[in-house]
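# Fold and geometry: a report
Residues per chain are reported as follows:
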Amino acid sequence: MVNSFLKTAEEKMKKSVEKIAEELKHLRTGRASPAVLEEIKVDYYGVPTPILQVAQVTTEERQLIIKPWERNLLSAIEKAILASDLGLTPVNDGNVVRIVFPTPTTEQRQKWVKKAKEIVEEGKVAVRNIRRDVLKDVKDKKKEGEISEDDEKRLEKEIQNLTDKYIAELDKLFEKKEKEIMEF
């Protein structure tokens, strides 16, 4: 039973960190990255389908080149990108759709860093909430007499170590993203 608390806490914390890493991946950095298109869906014969499933996306300097498997999807892809909240204007040349990523200003970069920090803080709060919930369960089991006081103290220490580990991981994710955003 004692190990089940640790296992549960670690699984939940790991999922929280993975979710935050995924959110950070979608945050713009000023660099052309196919990851920004992952959430955008295009109408493919009446079915909303991710752009990455109906086209080949390549990166060239500061632009994304989207070459759909079927040419009749060019305008649908263009419309989907315009309708998204990317703030980028696609250019359809009849063969491919190009998205040029302008060089962001320092002010834009600072906004993106601030947004990344907010996302990471949400992750830290989630990890701490998991710690709180698991420690509450441990205290409840202690009151019921299912675990000893020594086990309770050991679990508290190990759960705190897990919390520290995953918060440090979130800090590393933020530092990496901040460096990526501020890179010229």
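Residues numbered from 1 in each chain as written. Predicted model: local features only at pLDDT ≥ 70, side-chain atom pairs only at ≥ 80, totals over all residues. Heavy atoms only, no water.

Per an unreviewed UniProt entry, the chain carries the name Ribosome-recycling factor and comes from Fervidobacterium thailandense. Quoted straight from UniProt, the Sequence similarities (unreviewed entry) entry for the chain says "Belongs to the RRF family." Quoted verbatim from the Function (unreviewed entry) heading of the UniProt record, the comment on the chain is "Responsible for the release of ribosomes from messenger RNA at the termination of protein biosynthesis. May increase the efficiency of translation by recycling ribosomes from one round of translation to another." (UniProt positions renumbered as here; feature names shortened; annotations may be inferred.)

## Quick word on the pattern of salt bridges
For the coordinates displayed, the defined rule picks out 16 salt bridges. The shortest N-O distance in the salt bridge between glutamate 156 and lysine 139 comes to 3.0 Å. You can see glutamate 156 sitting in helix 5 (residues 149-182) and its partner lysine 139 sitting in helix 4 (residues 106-143), a full 17 residues away along the chain. Overall, the relative accessible area of 40% leaves lysine 139 in the partly exposed class. Between lysine 177 and glutamate 180 there is a salt bridge, and its shortest N-O distance comes to 3.6 Å. Taken as a pair, lysine 177 and glutamate 180 lie in helix 5 at a separation of three residues, close to a single helical turn. (Salt bridge = Lys/Arg side-chain N within 4 Å of Asp/Glu carboxyl O. Helix = DSSP H or I, 4+ residues; strand = E, 2+ residues; numbered from the N terminus. Buried < 20%, exposed > 50% of the residue type's maximum accessible area, 1.4 Å probe, protein only.)

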